[in-house]
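Next come the chains, spelled out residue by residue.
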Amino acid sequence: AQSVTQPDIHITVSEGASLELRCNYSYGATPYLFWYVQSPGQGLQLLLKYFSGDTLVQGIKGFEAEFKRSQSSFNLRKPSVHWSDAAEYFCAVATGGGNKLTFGTGTQLKVEL
Amino acid sequence: DAGITQSPRHKVTETGTPVTLRCHQTENHRYMYWYRQDPGHGLRLIHYSYGVKDTDKGEVSDGYSVSRSKTEDFLLTLESATSSQTSVYFCAISEARTSDYNEQFFGPGTRLTVL
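Residues numbered from 1 in each chain as written. Chains lettered and ligands numbered in written order. Predicted model: local features only at pLDDT ≥ 70, side-chain atom pairs only at ≥ 80, totals over all residues. Heavy atoms only, no water.

**Concerning the interface of chain B and chain A**
So, point 1. Listed by partner, the interface residues are 22 residues for chain B and 22 residues for chain A.
So, point 2. Across the interface of chain B and chain A, roughly 1,700 Å² is buried in total on both sides, 54% from carbon and sulfur atoms.
So, point 3. The tally of links between chain B and chain A comes to one salt bridge.
So, point 4. The residue Glu-103 of chain B makes a salt bridge to Lys-49 of chain A at a minimum N-O spacing of 3.6 Å.
So, point 5. Scanning the region where chain B abuts chain A turns up two residue pairs in polar contact (both at pLDDT 80 or more).
So, point 6. Considering only residue class, the side of chain B that touches chain A consists of ten nonpolar, nine polar and three charged. (Contact = heavy atoms within 4.5 Å. Buried area = accessible area lost by both parts, 1.4 Å probe. Salt bridge = Lys/Arg side-chain N within 4 Å of Asp/Glu carboxyl O. Polar contact = N/O pair within 3.5 Å; in protein donor to acceptor, adjacent residues only side chain to side chain. Nonpolar A, V, L, I, M, F, W, Y, C, P; charged D, E, K, R; others polar.)

Okay, here's the thing in structure tokens:
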């Protein structure tokens, strides 16, 4: 069965600093991978997704993620964090044809001004 | 934003009482999902529907039932609520345009407290 690991429960960065959130997945075939963001009291918003092709994918709000098959990773990055990026971030994997998502446990991002 | 509403948005109930949460969509999407979100667990799939009257279990389905009598509504029922079902519940929808995965859109959530 597929699984997703987000090893960092909490991360604190200073505004303007770079950010990398880690995500490792376990799945036998080529995965469909996603990053979602959840602001306090809100639902989930899709930041970006990887289905196939270029392993570096661009998303909304200046985020990008790189798929590395050899490391089973899909880390999320942003060159310069803004205070409004403070939120919880979830990595997820989907099985082809299954239309179901498996989520990681999330990483809570705090941005210091 | 996808047209997804959830009702109620907040509910406090007592152990042993039945509770029904409603998810309503205006997108005419085929797939609908119910997740629960708990600290340290992320989101976990409870049940999902792939069409009217077509439903299947997810990862944490015990204690929950669902019904979908029309495309736009997906109901989640806790027959006899327990304190372990205190959680935030999210509905999601997706369209089956291809045989591969299709993006899910999430509702605003329902916070349920069982005393």
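More follows now that the structure is in view.
**A short note on the nonpolar core**
So, point 1. Core analysis: the biggest nonpolar cluster contains 26 residues, and Leu-19, Trp-35, Leu-47, Leu-48, Phe-74, Leu-76 and Tyr-89 of chain A have the highest contact counts within it.
So, point 2. Mapped onto this core, the elements with two or more residues apiece are strand S2 (10-14), strand S3 (19-21), strand S5 (32-38), strand S6 (44-50), strand S8 (64-68), strand S9 (73-78), strand S10 (87-94) and strand S12 (107-112) of chain A.
So, point 3. Broken down by element, this core gets its largest block of residues, four residues, from S10 of chain A.
So, point 4. Leaving out residues up to four positions away in the same chain, Leu-47 of chain A has contacts with Trp-35, Tyr-36, Val-37, Gly-59, Ile-60, Lys-61, Phe-63, Leu-76 and Tyr-89 of chain A.
So, point 5. In this structure, Phe-103 of chain A together with Tyr-31, Leu-43 and Val-88 of chain B belong to the second largest nonpolar core, which totals 20 residues. (Core = buried A, V, L, I, M, F, W, Y, C linked by side-chain atoms within 4.5 Å. Buried < 20%, exposed > 50% of the residue type's maximum accessible area, 1.4 Å probe, protein only. Helix = DSSP H or I, 4+ residues; strand = E, 2+ residues; numbered from the N terminus.)

**Side note on the pattern of salt bridges**
All names here are of chain A.
So, point 1. Applying the stated rule across the entire model yields nine salt bridges over all chains.
So, point 2. Between Arg-77 and Glu-64 there is a salt bridge whose closest N-O contact spans 3.2 Å. Of this pair, Arg-77 sits in strand S9 while Glu-64 is found in strand S8, placing the two residues 13 residues apart along the sequence.
So, point 3. A relative accessible area of 23% places Arg-77 in the partly exposed class.
So, point 4. When salt bridges that share partners are traced, they join Glu-64, Glu-66 and Arg-77 into one network.

**Here we look at the state of the cysteines**
Residues and elements named next belong to chain B.
So, point 1. Counted according to the given criterion, the structure contains two disulfides over all chains.
So, point 2. Two residues share a disulfide in this structure: Cys-23 and Cys-91, whose sulfurs sit 1.9 Å from each other. Looking along the S-S bond of the Cys-23-Cys-91 disulfide, the torsion reads about -70°, which is the left-handed sense. Of this pair, Cys-23 sits in strand S3 (residues 19-25) while Cys-91 sits in strand S9 (residues 87-94), and the two are 68 residues apart along the sequence. (Disulfide = S-S within 2.5 Å.)

**Here we look at the sheet that holds S3 of chain B**
Residue and element names in this part refer to chain B.
So, point 1. Pairing is antiparallel in the open sheet, where four strands are placed in the order S1-S3-S8-S7. Each having just a single partner strand, strand S1 (4-7) and strand S7 (64-70) make up the two edges of the open sheet. On average, each strand axis in the sheet is inclined to that of its neighbour by 20°, with strand direction left out of account.
So, point 2. The pairing of S3 with strand S8 (residues 73-78) spans six bridges and is antiparallel. Each residue of the ladder has a partner; that of Cys-23, found in S8, is Phe-74. (Pairing = 2+ DSSP bridges. Axes fitted to C-alpha atoms, helices over the stretch in contact; angles between N-to-C directions.)

**Details of the packing of aromatic side chains**
When we look at a pair of aromatic rings, we describe it by the centre distance and by the angle of the planes.
So, point 1. Summed over all chains, the structure comprises 18 aromatic pairs over all chains.
So, point 2. When the centroid spacing of 5.9 Å and the interplanar angle of 65° are considered together, the rings of Tyr-64 of chain B and Tyr-89 of chain B count as edge-to-face. With Tyr-64 of chain B in strand S7 and Tyr-89 of chain B in strand S9, the pair connects residues that are 25 residues apart, well separated along the chain.
So, point 3. Relative accessible area serves as the criterion here: at 8%, Tyr-64 of chain B is assigned to the buried category.
So, point 4. Three or more aromatic residues link up through ring pairs in this structure, and these residues are Tyr-32, Phe-34, Tyr-36, Phe-51, Phe-90 and Phe-103 of chain A together with Tyr-31, Tyr-33, Tyr-35, Tyr-48, Tyr-50 and Phe-106 of chain B. (Phe/Tyr/Trp six-rings, centres within 6.5 Å; stacked < 30°, edge-to-face > 60°.)

Shape is all these values report; function is a separate question.
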